[in-house]
Amino acid sequence: MTTVSPFARSSVFDEPRLGGREQTIEEMYSVPESFLEIEVRNPQTHGFGRKMYTDYEITNIPAFKLRHSVVRRRYSDFEAFRDILEHESTRVNIPALPGKVFTNRFSDEVIESRREGLERFLTVVAGHPLLQTGSKVLCAFLQDPAWDKGQWS
C-alpha cells in the first residue's frame, strides 16, 4: 500500500470530474447554477408635486433564499440600505449609489440612467462573497416586500 504525501504536487486535471466523465464544452462555459442575476427594471413614478417619487422593481435573485422574487424600492430605500451595509460590514468597501438629481428627475433619461446605476450597485453588492454570506440586510432588501429601513436602525 502506497501512501501519498499531503504535500505531493497534483493537478486538478489528474482527477476525474462529474462522476468520472469529462466535462463538455457547454458545461465548462455555461452560466453556473448559482449564478447571481439581478435586474432593476420597470420604474414607476407615483404622487404629485412635491410628493412625487419613482420606485424600481428588483427581480430574480437565484443565489438567495427564494428562487425568484420581485420587490419595489425607492431611491431613498437604496440610500438607507447602503448606510446600513456600511455600518454592518466595516471590512467591505460599499460602492456609491448613482448621484442625487435635483432637476428633471422624472424625465425618462434621468430615470433610465438612475435605473442602470442602481442595477450596477446591486450587482456589485450582491455579488460580493463577504456580503452574500455575512450580511443580514442584503437578502431582506432584495427579497422582502415588507422591508423597512426602520427595523435595521
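Criteria and thresholds
Residues numbered from 1 in each chain as written. Predicted model: local features only at pLDDT ≥ 70, side-chain atom pairs only at ≥ 80, totals over all residues. Heavy atoms only, no water. UniProt positions renumbered as here; feature names shortened; annotations may be inferred. 1 Å grid on protein atoms, 1.4 Å probe; cavity = no way out; pocket = protein on both sides within 12 Å on 5 of 7 lines; lining within 4 Å. Points joined across faces, edges and corners; volume = space filled by probe spheres on them. Helix = DSSP H or I, 4+ residues; strand = E, 2+ residues; numbered from the N terminus. Nonpolar A, V, L, I, M, F, W, Y, C, P; charged D, E, K, R; others polar. Phe/Tyr/Trp six-rings, centres within 6.5 Å; stacked < 30°, edge-to-face > 60°. Buried < 20%, exposed > 50% of the residue type's maximum accessible area, 1.4 Å probe, protein only. Lys NZ or Arg CZ within 6 Å of the ring centre and 35° of its normal.

As recorded in an unreviewed UniProt entry, the protein chain goes by the name Sorting nexin-3, listed as coming from Fibroporia radiculosa. Regarding the protein chain, the relevant UniProt record gives this comment under Function (unreviewed entry): "Required for retention of late Golgi membrane proteins. Component of the retrieval machinery that functions by direct interaction with the cytosolic tails of certain TGN membrane proteins during the sorting/budding process at the prevacuolar compartment. Binds phosphatidylinositol 3-phosphate (PtdIns(P3))." UniProt, in its Sequence similarities (unreviewed entry) section for the protein chain, records the words "Belongs to the sorting nexin family."

Asks: Is there a simple way to explain the layout of surface pockets in this structure?
Replies: Rolling a probe over the atoms, with the probe sized like a water molecule, indicates the empty space that remains. In this model, the largest pocket occupies a volume close to 270 Å³. Around the largest pocket, the lining is made up of 16 residues, and of these Tyr53, Thr54, Tyr75, Arg105 and Arg114 lie nearest the centre. The set of elements that each furnish at least two residues to the lining of the largest pocket consists of strand E2 (53-59), helix H2 (75-88) and helix H3 (108-127). Among the residues making up the lining of the largest pocket, the classes are represented as 9 nonpolar, 2 polar and 5 charged.

Asks: Where do I start with the packing of aromatic side chains in this structure?
Replies: Aromatic rings in a pair are described by how distant their centres are and how their planes are angled relative to each other. Evaluation of the coordinates by the stated rule reveals 5 aromatic pairs. On the numbers, 5.2 Å between centres and 75° between planes, the contact of Phe78 with Phe141 is edge-to-face. Of this pair, Phe78 sits in helix H2 while Phe141 sits in helix H5 (residues 136-143), and the two are 63 residues apart along the sequence. Comparing Phe78 with Phe141, the two get one shared label, buried. Plain terms: the ring middles of Phe141 and Trp147 are 5.0 Å apart, the flat faces sit at 90° to each other, and that makes the pair edge-to-face. Trp147 carries the same exposure label as Phe141, and that label is buried. Feature note: the residues Phe78, Phe81, Phe121, Phe141 and Trp147 constitute an aromatic cluster, connected by ring pairs. Directly above the aromatic system of Phe141 lies the positively charged group of Arg73, at a separation of 5.1 Å from the ring centroid.

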